[in-house]
Each structure stands twice: as structure tokens, then as C-alpha cells.
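Okay, here's what each chain looks like letter by letter:
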Amino acid sequence: MQRFDALVVGAGPAGSTAAYRLAAAGASVLLVDKARFPRDKPCGGGLTTRAVRMLPFSVEPVVEDIVHTFELRLGYGKSFERTSEQPLCLMTQRRRLDHFLARKAQEAGADFRDGVRVELGEELRVDGEPVLADVIVGADGANGITSRVAGAELGYGVALEGNAPLDRRYRGKLVLELGVVPGGYGWVFPKGDHANFGVGGWESEGPRLREHLRRLCEQHGVDAAELTDLRGYRLPFRRASSTVASTKLLLVGDAAGLVDPLSGDGMYEAFVSAKLAAEAVLSGDLDAYAQRVLAELGPLHAASWTAKYALDRFPRLTFAIARAPLAWSVIARLVRGELKDPSAARGLSRAPLRALDALGRLAAA
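All of these numbers come straight from a predicted model, not from anything done at the bench. (Residues numbered from 1 in each chain as written. Predicted model: local features only at pLDDT ≥ 70, side-chain atom pairs only at ≥ 80, totals over all residues. Heavy atoms only, no water.)

## Brief notes about the overall build of the protein
Summing up its helical and strand segments, the protein has 10 helices and 18 strands in all. Compactness check: the protein gives a C-alpha radius of gyration of 20 Å against a globular reference of 21 Å for 365 residues, within 12% of the reference. Each of the three principal axes of the protein carries a C-alpha extent, and together these read 65 × 45 × 40 Å. Put simply, the protein has 365 residues, and 55% of those count as buried. Across the protein, contacts joining residues at least 24 apart in sequence account for 73% of those joining residues at least 6 apart. Carbon and sulfur atoms make up 50% of the accessible area of the protein, which amounts to about 15,700 Å² in all. Here the protein holds 47 positive side-chain charges and 44 negative ones, and the gap between their average locations is 5 Å. (Helix = DSSP H or I, 4+ residues; strand = E, 2+ residues; numbered from the N terminus. Rg over C-alpha atoms; globule rule 2.2 N^0.38 Å. Buried < 20%, exposed > 50% of the residue type's maximum accessible area, 1.4 Å probe, protein only. Contact = heavy atoms within 4.5 Å. Areas by Shrake-Rupley, 256 points an atom, 1.4 Å probe, with all protein chains shown as cover. Lys, Arg positive; Asp, Glu negative; His and termini not counted. Charge placed at Lys NZ, Arg CZ, Asp CG, Glu CD.)

## Brief notes about the pattern of salt bridges
This model, assessed by the stated rule, comprises 26 salt bridges. Across the salt bridge formed by Arg214 and Glu211, the nearest N and O atoms sit 2.5 Å from each other. Placement of the pair is Arg214 and Glu211 together in helix α5 (residues 209-219), with a separation of three residues, close to one helical turn. Overall, the relative accessible area of 43% leaves Glu211 in the partly exposed class. Residues joined by salt bridges that share partners form a network here, namely Glu211, Arg214, Arg215 and Glu218. (Salt bridge = Lys/Arg side-chain N within 4 Å of Asp/Glu carboxyl O.)

## Remarks on the sheet that holds strand β3 (residues 46-48)
Taken in spatial order, the three strands line up as β3-β7-β4 in an open sheet, and their pairing is antiparallel. The sheet terminates laterally at β3 and β4 (65-67), the two strands that pair on one side only. On average, each strand axis in the sheet is inclined to that of its neighbour by 25°, with strand direction left out of account. Summarising the sheet, β3 and strand β7 (residues 89-91) pair through three bridges and their orientation is antiparallel. Its bridge partner being in β7, Leu47 is matched across the sheet by Leu90. (Pairing = 2+ DSSP bridges. Axes fitted to C-alpha atoms, helices over the stretch in contact; angles between N-to-C directions.)

## Quick notes on the nonpolar core
Generally speaking, a soluble globular protein has its nonpolar side chains buried in company with each other. Counting 74 residues, the largest nonpolar core has Val29, Val32, Leu47, Val59, Leu250, Phe271 and Tyr289 as its most contacted members. No other element matches helix α6 (residues 267-283), which puts 11 residues into this core. Setting aside residues up to four positions removed in sequence, Val29 forms contacts with Phe4, Ala6, Val8, Ala19, Leu22, Ala23, Ala110 and Asp111. Of all hydrophobic cores here, the second largest spans 25 residues; its members include Leu176, Val259, Phe319 and Trp328. (Core = buried A, V, L, I, M, F, W, Y, C linked by side-chain atoms within 4.5 Å.)

## Points about unusual backbone geometry
The omega angle of the peptide bond from Phe37 to Pro38 is 0°, so this bond is cis rather than trans. Backbone geometry places Asp127, a non-glycine residue, at a positive phi of 55°. Note that Asp127 resides in the loop between β10 (124-126) and β11 (129-138). With a phi angle near 55°, Asp229 is a residue other than glycine that sits in the positive phi range. Within the secondary structure layout, Asp229 lies in strand β16 (residues 228-238).

## Considering the sheet that holds strand β5 (residues 69-74)
If you trace the seven strands from one edge of the open sheet to the other, you get β6-β5-β13-β14-β15-β12-β16, paired in mixed fashion. Sheet topology places β6 (79-83) and β16 at the edges, where each strand pairs with a single neighbour. On average, adjacent strands in this sheet sit at an angle of 20° to one another, irrespective of strand direction. In the sheet, strand β14 (residues 185-190) pairs with strand β15 (residues 194-202) via six bridges, with the strands oriented antiparallel. Counted as the bridge partner of Val188 is Phe197 from β15. Helix α8 (residues 315-323) contacts β5, β6 and β13 (173-178) of the sheet and is inclined by roughly 30° relative to β6.

## With respect to the side chain of Glu205
Tracing the chain through its elements places Glu205 in the loop between β15 and α5. Exposure remark for Glu205: the relative accessible area of 7% places this residue in the buried category. Here Glu205 is in contact with Val158, Val181, Pro182 and His212, once residues within four sequence places are set aside.

## Focus: the packing of helix α1 (residues 13-24) against α6
At a closest axis distance of 8 Å, the pairing of α1 and α6 adopts a crossing angle of 35°. Seen from above, α1 lies across α6 with right-handed handedness. Contacts between α1 and α6 involve Pro13, Ala14, Thr17, Ala18, Arg21 and Leu22 from the former and Met267, Ala270, Phe271, Ala274, Lys275, Ala278, Val281 and Leu282 from the latter. Looking at the contact of α1 with α6 residue by residue, the classes come out as 11 nonpolar, one polar and two charged. (Left-handed = near helix turned anticlockwise from the far one by under 90°. Nonpolar A, V, L, I, M, F, W, Y, C, P; charged D, E, K, R; others polar.)

## Description of the pairing of β15
Counting buried positions over the nine residues of β15 gives eight, a clear majority of the element. Taken together, the nine bridges between strand β12 (residues 154-165) and β15 define a ladder with antiparallel strand orientation. Looking at β15, one finds that Gly157 is bridged to Trp202. As consecutive antiparallel partners, β14 and β15 are separated by three residues.

What follows is the structure in C-alpha cells.
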């Protein structure tokens, strides 16, 4: 029977980077996934530079566009653009990114097995064969077995996306359509030869997502009926009472419900939790993992929830605050990873943040 220091279940961004960090430090790691790689995943495919800074290696080989400009529009009406000299977001596709990350884990020494089934019972089994592992890192997403075994309590948003041929006006630009989907927004993300069009919002918006996506495409001169790779998916949000760990089981990324409630992005959280999980395994202090995750991501997510409620109930006022130059400086620094969370902002830039916080608290009351 094979024995490993860690079994990592799920070879998405969180699982593969956790496996990479563990293997690179000399641990014996088995990384498994039920799908055959390369495989695709529904996702906008944007990597903020904040997220990229958490990686111990470059993702340049799978980058298809580099975003320096954000365009924000309210209700398909008023809009503004803000540009950063430094990159804000790197655009990729999950099919390419996840395969790249799994290969990096392999190169570091992890045993990677795709297209296999995992059983977590009294005995660990991988494709029917028993294995031993000191620790399990659960990285198989919100619908995976590890989240259920750990007893995670998750809420959900929903999203729908598809691809259209790239119009060069989107090159180097990320477009966000605010105030058009309750609990979320619409987006246009540029890729190598296409643009990703998507909408996301509260779970209750599920039955209306197709109409939201049709309207988004219409506003951008695209025929929604011609979109390819149309996919819907759920966005897992951790409830306040939910655990991110149980005995010898650490949840990372979507399996722990660590998606940012405002943006719906989970890449940064995937890489942060992967790093913390690897450190916990290597140090032998598994009990510290949950507290460290909440300390690292809690303030950022609390601010995101506040902003989400403000945007949902008071879209015009929230849009006006976001448009303020002082607010943009904070947004850009957050996206680039220069600020850990909004509370780290100082000086005059705190004024719009205080206004947004007041709006959010009023909206949530």
C-alpha cells in the first residue's frame, strides 16, 4: 500500500499549487483529479496581479492578454475608464492554466493522477486501490466530496458565460457592467482569439441568467445565440459558521467557499489558502490552519460583502463613489496586491471607503 505525506484531492488552481509547494519542500504528495487533463472549467479566466503575486513561479506561458484598463458602466449607461501603468489583470483560460499548474506540481515531484475516483471512508481509496495519507487537502470545489465530508456550510451565487470572436476594442481592457444583475454584474474579458462574455449574481437569478447574458451581448453588438462554450456554474460563498478544516482534512479554494463575495473571483483565495495549507502540513500544525485562513481573508471578504450590499441597493451612489479618483487609487492597489484589504488604506483615500461602508451597512440593515 502506498503512503503519502499528503493526498490533494482536486487539481485546480488551489490543489495544484498546494501540491507544488508541498512537493517542492520535499513532502511526498499524491495529486488526483476525477477529470482527464487538459480539461476546461467554467471561469472568466482572469488572474489579478494580486493573485499572481501569491504564486512561487511565473504563469507567463499561459497568459493570453494583459489588462491595464478597467471600464465600468452603470445600467448600460454612464461609464468611465481607469488605466494603470502596471498590469492589473492577466487573462488566461482555465483549460490552459490548470494543466500548466498540474504540470508544475508534477515537475516539483508530486505524483499526479487524472481521471481517477477518490473514496473517503474508513479507508482512503484512489481508483479502488487503498492508499495512506497523513493529511488530505480538499481542493475539489464546492460540489466535491471533501467539502461534504468536512461539513462545510456554503451559500451560492450563480454565473453564466460564453465566448465570442475577439473585437480588438477589448484588447488590454476589462469591462464590468454594474447594476444590471442583482447581486452581481456582467463582464467582458479579452483572451487570445476571443472575448469571454458573462453574467453572475444571487442564486435566485439563475432562471434569468440567459436573459441577462442576452442583454449584455446585445449592448456589445454580439449575437448571444452565436456564443460558443456556453456554461453555467455556481459560486460558493463560505457562511460565517462554516469550517475550513476537520481532522486531518484542510479545505482550500472553492471547496472551502472562499470566493470573493463582491467580484466572484476565487483565484487569489485559492492561492492564499493553498500556501497556508502547505505551510500547515509542513509544520505539522494543522490546528492553526483555519484561524490563519480567516485572519488572512476575513477582513477583505467583510469589506467585499459590505460593498456588494451597497452596489445592490444603491447602485448609483456606489458607482459615483467608485468613479472618484481617490477610490480608484485604492481599487487599483487592491487589485495589484499593494493593499491587503481596504482597511489598510490611509489618508484621504479613506473618505470614499467610509462612504461605501456606510452605504453597505445601511443596505444590509
